[in-house]
Amino acid sequence: MTKSESLFNEAVNFIPGGVNSPVRAFGSIGEAPRFIERADGAYMTDVDGNKYLDYVCSWGPMILGHNHPEILKSVLDACKDGLSFGAATRKEVEMAELICEIVPSIEMVRMVNSGTEAVMSAVRTARGYTGRNKIVKFMGCYHGHSDAMLVKAGSGVMTSGVPDSAGVPAGCTEDTLSAIYNDLESVNALFQEMGKDIAAIIVEPVGANMGVVPPSEGFLKGLRELCDKYGSLLIFDEVITGFRLALDGAQGFFGVKPDLTTFGKIIGAGMPVGAYGGRKEIMEMVSPVGAVYQAGTLSGNPVAMAAGLAQLHILKDHPEIYTNLNAMGDWFYAEIDNILKETNANCTINHVGSLGCVFFTENPVDNYASAKTSDTAEFARYCKYMMGHGIYLAPSQFEAMFLSAAHTKPELEQTLEIIKAYFAG
C-alpha cells in the first residue's frame with residue numbers, strides 16, 4: 001500500500017478528501033483508497049502491484065470485463081479520427097437507433113454526459129410535458145447529485161423539501177416528495193393528497209444504492225398503474241440496471257414499461273456518458289424541437305459512442321451472455337447465503353441476477369430503513385479482510401457487488417472460500 005498511501009497523502013492537498021467522488025473514499029473502512037494502475041478481464045492492479053478480483057466493475061458498466069479487446073479496438077480506431085468535435089456524428093445516430101431498437105419503451109433518445117445529467121434532464125422533461133411540478137422519489141434511491149434529487153431520506157411518508165446536502169436551497173427541493181421503497185401505500189397516500197400536481201415518479205427498478213433491494217411482487221406494476229390513473233409519468237432510473245439485468249434492462253426483466261428511462265456509463269462501456277429517452281411525444285418536448293431546454297457541448301462524444309456501440313452490439317448478438325451471467329449470479333449469491341447460514345452469521349443477502357449485496361443485519365432488507373439497520377462497523381472489518389485477500393469490494397455497506405462475463409467459476413469459488421474463512425474465523 002506504500003504507493004497508494006503516498007498518492008493519497010498528496011491528493012488530499014489538492015482534491016477534496018483526496019478523491020474525485022465520495023464512493024472512492026475508503027475512510028469508512030479506515031484505509032487509504034487503492035490507486036488503480038490498470039485493469040484486464042475480471043482483475044484490477046494497483047500502483048503497488050497488488051492484484052484484485054474486481055466486484056465493482058467500475059460501478060457496473062464493465063459487464064464484459066475490463067479492457068475487452070473488441071471495445072478497446074473500437075476506441076483506438078475512433079481516436080485516430082479525433083477525440084472530440086462538438087458537432088453531430090454518425091456514431092450518435094447509430095447509438096440512438098440501437099437503443100430505440102433494443103429498449104421497446106424508447107422511441108427517441110438524447111445523449112448526455114452522465115447519469116446525473118440524464119436524471120436532471122428527464123425530470124425537467126416530465127415537468128414540461130405534464131405542466132406539473134412535483135416529483136415522487138424513494139428513500140434510499142439515488143438519482144445523481146442534482147439539487148432536486150438530494151432530499152433527505154426522512155422517516156415520514158409525507159417528508160419533502162428537506163435538502164440532504166449543504167448548498168441546496170430548500171426551494172430547490174420543495175417539490176420533491178419522498179415515499180418508501182416497496183410500499184405502494186406510501187405512494188398512494190401522496191397521490192391522494194396531491195396527485196394532480198405530481199409530474200412523475202422516479203424509481204430505481206432495483207434499489208442499488210442502498211445495497212441491493214429488489215422490488216417486491218407488484219410494486220413496479222403498482223407504480224405504473226398509479227401514474228396511469230393520475231396522468232403522471234413513470235421514470236425508470238436504469239443507470240445501474242440498464243443493459244445489465246437484460247438487454248432491455250430492468251423494464252424487460254420485470255415486464256413493466258416506463259414513460260422515460262435514464263441510462264449512465266454502461267452505454268459508453270464505462271466511459272463518461274449518459275442518456276435519457278422515452279415516447280416520441282414526450283421527447284419532442286426537448287429543445288431544439290420543444291420548449292424544454294437541455295444542452296451538452298460534448299454530448300455524444302465519438303470515442304464514448306464507439307466504445308458503447310461495440311459493447312451493446314456484443315450483448316445484442318450474444319444473448320447467452322445474460323443467460324450465463326444471471327445463472328452465475330444466482331449460483332454465487334446462493335452459495336454466499338449457504339455460508340452465512342452454516343456459520344450462523346447475522347447477515348442477510350439480496351440479489352437480482354448479477355447484482356448482489358451482503359447486509360450485516362439479520363433483518364430482511366426491503367427498503368432504506370431496513371438497510372440502515374446494518375452494522376457498518378462489522379462491514380468495514382469484512383471489507384478490509386476481503387481487500388487484504390485480493391477481493392476488491394466497494395468500501396460501503398450500501399453499494400452493490402457486480403459480476404461480469406469475465407468472472408469464471410473457479411474465481412468465484414476462490415472468492416467463496418475467502419468469504420467462508422472470514423465468517424468461520
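Keep in mind that what you see is a predicted model, and the values were worked out from it rather than measured.

What follows concerns the sheet that holds strand β11 (residues 348–352). Here we have three strands laid out as an open sheet, ordered β11-β12-β14, and antiparallel in their pairing. Looking along the sheet, the strands with just one partner apiece sit at the ends: β11 and β14 (401–402). Pairing analysis gives five bridges linking β11 to strand β12 (residues 355–359), with the strands arranged antiparallel. Paired with Val352 across the strands is Leu355, a residue of β12.

So, on to the packing of aromatic side chains. Aromatic rings in a pair are described by how distant their centres are and how their planes are angled relative to each other. Inspection of the entire model under this criterion finds 18 aromatic pairs. Their ring planes at 55° and their centres at 5.2 Å tell us that Tyr385 and Tyr422 sit as a pair that is tilted. Of this pair, Tyr385 sits in helix α13 (residues 376–388) while Tyr422 sits in helix α14 (residues 409–424), and the two are 37 residues apart along the sequence. The rings of Phe360, Phe379, Tyr382, Tyr385, Tyr422 and Phe423 are connected pair by pair, giving a single aromatic cluster. In this structure, Lys51 is placed above the aromatic ring of Tyr43, and the distance from its NZ or CZ to the ring centre is 4.7 Å. It is Lys409 that lies over the ring of Trp331; its NZ or CZ is 4.7 Å from the centre.

Right, let's get into the packing of helix α11 (residues 320–342) against α14. Each packed pair of helices is defined by two parameters, the angle between the axes and the distance between the axes. Between α11 and α14, the shortest axis-to-axis distance is 10 Å and the interhelical angle comes to 20°. By the angle between their axes, α11 is roughly parallel relative to α14. The chirality of how α11 crosses α14 is right-handed. Contacts between α11 and α14 involve Met328, Trp331, Phe332, Glu335, Ile336, Ile339, Leu340 and Glu342 from the first element and Lys409, Leu412, Glu413, Thr415, Leu416, Ile419, Lys420 and Phe423 from the second. Of the residues contributing to the contact of α11 with α14, the split by class is ten nonpolar, one polar and five charged.

The biggest cluster of nonpolar side chains holds 71 residues, and the ones touching the most others in it are Ile99, Phe243, Ile267 and Phe423. Ranked by the residues each element gives to this core, the list is headed by helix α10 (residues 302–317), at ten residues. Built from parts of two domains, this core gets at least three residues from each of domain 1 (1–65 + 318–422) and domain 2 (67–315). Counting 40 residues, the second-largest nonpolar core is a separate cluster that includes Tyr181, Cys357, Val365 and Ala400.

Residue position: Ala310 is located in helix α10. The class of Ala310 is buried, set by a relative accessible area of 13%. Between the alpha carbons of Ala310 and Ile201 there is a distance of 32 Å; along the sequence they are 109 residues apart. Excluding residues within four positions of it along the chain, Ala310 makes contact with Glu70, Ile71 and Ser74.

So, about the layout of surface pockets. The calculated volume of the second largest pocket comes to roughly 470 Å³. As for the second largest pocket, its lining consists of 26 residues, and the residues nearest its centre are Glu92, Arg110, Met111, Ser299 and Gly300. Elements represented by at least two residues in the lining of the second largest pocket include exactly α3 (90–102) and β4 (108–112). It is α3 that provides the largest number of residues to the lining of the second largest pocket, a total of five residues. Of the residues assigned to the lining of the second largest pocket, the class counts are 13 nonpolar, ten polar and three charged.

This part is about the domain arrangement of the chain. We note that the domain assignment places domain 1 (1–65 + 318–422) and domain 2 (67–315) within the chain. Here the C-alpha centroids of domain 1 and domain 2 sit 25 Å apart. Contacts between the two partners involve 36 residues from domain 1, matched on the other side by 33 residues from domain 2. Together domain 1 and domain 2 conceal approximately 2,700 Å² of surface at their shared face, both sides included; 63% is due to carbon and sulfur atoms. Put simply, domain 1 and domain 2 have zero salt bridges between them. Where domain 1 packs against domain 2, one counts twelve residue pairs in polar contact (both at pLDDT 80 or more).

Glancing now at the UniProt feature "modified residue: N6-(pyridoxal phosphate)lysine" (unreviewed entry) in the chain. Mapped onto the present numbering, the UniProt feature "modified residue: N6-(pyridoxal phosphate)lysine" (unreviewed entry) falls on Lys265. On the basis of relative accessibility, which here comes to 26%, the residue Lys265 falls in the partly exposed class. Apart from the residues lying within four places of it in its own chain, the contact partners of Lys265 are Ser58, Trp59, Pro61, Val239, Gly270, Met271 and Val273.

Cut-offs used in this document
Residues numbered from 1 in each chain as written. Predicted model: local features only at pLDDT ≥ 70, side-chain atom pairs only at ≥ 80, totals over all residues. Heavy atoms only, no water. Pairing = 2+ DSSP bridges. Helix = DSSP H or I, 4+ residues; strand = E, 2+ residues; numbered from the N terminus. Phe/Tyr/Trp six-rings, centres within 6.5 Å; stacked < 30°, edge-to-face > 60°. Lys NZ or Arg CZ within 6 Å of the ring centre and 35° of its normal. Axes fitted to C-alpha atoms, helices over the stretch in contact; angles between N-to-C directions. Parallel < 35°, antiparallel > 145°, perpendicular 65-115°, else oblique. Left-handed = near helix turned anticlockwise from the far one by under 90°. Contact = heavy atoms within 4.5 Å. Nonpolar A, V, L, I, M, F, W, Y, C, P; charged D, E, K, R; others polar. Core = buried A, V, L, I, M, F, W, Y, C linked by side-chain atoms within 4.5 Å. Buried < 20%, exposed > 50% of the residue type's maximum accessible area, 1.4 Å probe, protein only. Domains from an automatic or database assignment. 1 Å grid on protein atoms, 1.4 Å probe; cavity = no way out; pocket = protein on both sides within 12 Å on 5 of 7 lines; lining within 4 Å. Points joined across faces, edges and corners; volume = space filled by probe spheres on them. Buried area = accessible area lost by both parts, 1.4 Å probe. Salt bridge = Lys/Arg side-chain N within 4 Å of Asp/Glu carboxyl O. Polar contact = N/O pair within 3.5 Å; in protein donor to acceptor, adjacent residues only side chain to side chain. UniProt positions renumbered as here; feature names shortened; annotations may be inferred.

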